[in-house]
Amino acid sequence: MNWIVRLFASLLDTCRTKTKRVWAAIQPSIQIEPVSEALPRHLGRRKLYVVSEDGYDEQAAMICPCGCKQVLHMNLLTDERPCWTVRQEEDGTPTLHPSVWRKKGCGSHFWLRRGRVIWC
Ligand SMILES: [Zn+2]
């Protein structure tokens, strides 16, 4: 009987991943929101906040796209690790490098490319 349970669990998992991908594809793209010094108290869902101070980009922040409502912080300072880079595409959408992987909580792992969330 165990294999049946395992089969159903994996089917359910595939289904969930597909739903997540379809959902990500139909959402409006994420836009860059430049802020100076501090993040706003409430973050918008379709935004990648880039916090800069004295002309340097310090961190990027966004609401986790999985729906868990956690705020993800990505360091942009090159002398600290881990470190991400944000590139603004011609259409204004952000590309984030490398991928974002939450090791705790929801465990989300995704790429942000051209304002689109690509699940791993
Ligand atoms: Zn999450």
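Notes on the structure follow. (Residues numbered from 1 in each chain as written. Predicted model: local features only at pLDDT ≥ 70, side-chain atom pairs only at ≥ 80, totals over all residues. Heavy atoms only, no water.)

### Points about the pairing of strand 6 (residues 94–101)
And step 1. Here four bridges tie strand 5 (residues 85–88) to strand 6, and the two strands are oriented antiparallel to one another. What sits directly across from Val86, in strand 6, is Leu96.
And step 2. Counted between consecutive antiparallel strands, the loop separating strand 5 from strand 6 contains five residues, among which Gly92 sits at a positive phi close to 90°.
And step 3. Bridging between strand 6 and strand 7 (residues 109–113) involves three bridges; their strand directions are antiparallel. Paired with Val100 across the bridge in strand 7 is Phe110. (Pairing = 2+ DSSP bridges. Helix = DSSP H or I, 4+ residues; strand = E, 2+ residues; numbered from the N terminus.)

### Observations regarding the nonpolar core
And step 1. By size, the foremost hydrophobic cluster in this structure holds 18 residues, and its most contacted members are Leu48, Met62, Leu72, Met74, Val100, Phe110 and Leu112.
And step 2. Elements that contribute at least two residues to this core include exactly strand 2 (47–53), strand 3 (56–63), strand 4 (71–75), strand 6, strand 7 and strand 8 (116–119).
And step 3. Excluding residues within four positions of it along the chain, Met74 makes contact with Leu48, Glu58, Gln59, Ala60, Ala61, Met62, Trp84, Leu96 and Val100.
And step 4. With six residues, the next largest nonpolar core counts Val35, Leu43, Val51 and Ile63 among its residues. (Core = buried A, V, L, I, M, F, W, Y, C linked by side-chain atoms within 4.5 Å. Buried < 20%, exposed > 50% of the residue type's maximum accessible area, 1.4 Å probe, protein only. Contact = heavy atoms within 4.5 Å.)

### Quick look at the sheet that holds strand 2
And step 1. Within the open sheet, the four strands sit side by side as 1-2-3-4. Their pairing is mixed. Since the sheet does not close on itself, it has two edges, and those belong to strand 1 (31–36) and strand 4, each with one partner. If you compare each strand with its neighbour and ignore which way they point, the axes differ by 25° on average.
And step 2. Judged from the six bridges that link them, strand 1 and strand 2 form a sheet pairing that is parallel. Each residue of the ladder has a partner; that of Ile32, found in strand 2, is Leu48. (Axes fitted to C-alpha atoms, helices over the stretch in contact; angles between N-to-C directions.)

### Overview of the coordination of the zinc ion
And step 1. All of the protein donors around the zinc ion are Cys64 (SG), Cys66 (SG), Cys68 (SG) and Cys106 (SG); their distances to the metal are 2.3 Å.
And step 2. For the zinc ion, the four donor atoms in the first shell make angles of 105 to 112° at the metal, a pattern classed as tetrahedral.
And step 3. As a motif over one chain, the donors of the zinc ion read C-x1-C-x1-C-x37-C. Placement of Cys66 in the loop between strand 3 and strand 4 and of Cys106 in the loop between strand 6 and strand 7 is noted, with a sequence separation of 40 residues between them. (Donors = N, O, S within 2.8 Å, 3.2 Å for Na, K, Ca; no water. Tetrahedral: all angles 85-135°; square planar, octahedral: opposite > 155°, others 65-115°.)

### Concerning the sheet that holds strand 5
And step 1. Spatially, 5-6-7-8 is the arrangement adopted by the four strands of the open sheet, whose pairing is antiparallel. The open sheet terminates on both sides in strands that have one partner only, identified here as strand 5 and strand 8. Between one strand axis and the next, the sheet turns by 25° as a mean value, whatever way the strands run.
And step 2. Bridge count between strand 7 and strand 8: four bridges; the pairing is antiparallel. Bridged to Arg113 within strand 8 is Arg116.

### Notes on a nonpolar patch on the surface
And step 1. Residues Trp3, Leu7, Phe8 and Leu11 make up a contiguous nonpolar surface patch of roughly 470 Å² in combined accessible area.
And step 2. Along the chain, Leu11 turns up in helix 1 (residues 2–26). (Patch = residues over 30% accessible without salt bridge, like charges linked within 9 Å, V, L, I, M, F, W, Y side chains within 5 Å. Areas by Shrake-Rupley, 256 points an atom, 1.4 Å probe, with all protein chains shown as cover. Salt bridge = Lys/Arg side-chain N within 4 Å of Asp/Glu carboxyl O.)

Honestly, it's all geometry; don't read function into it.
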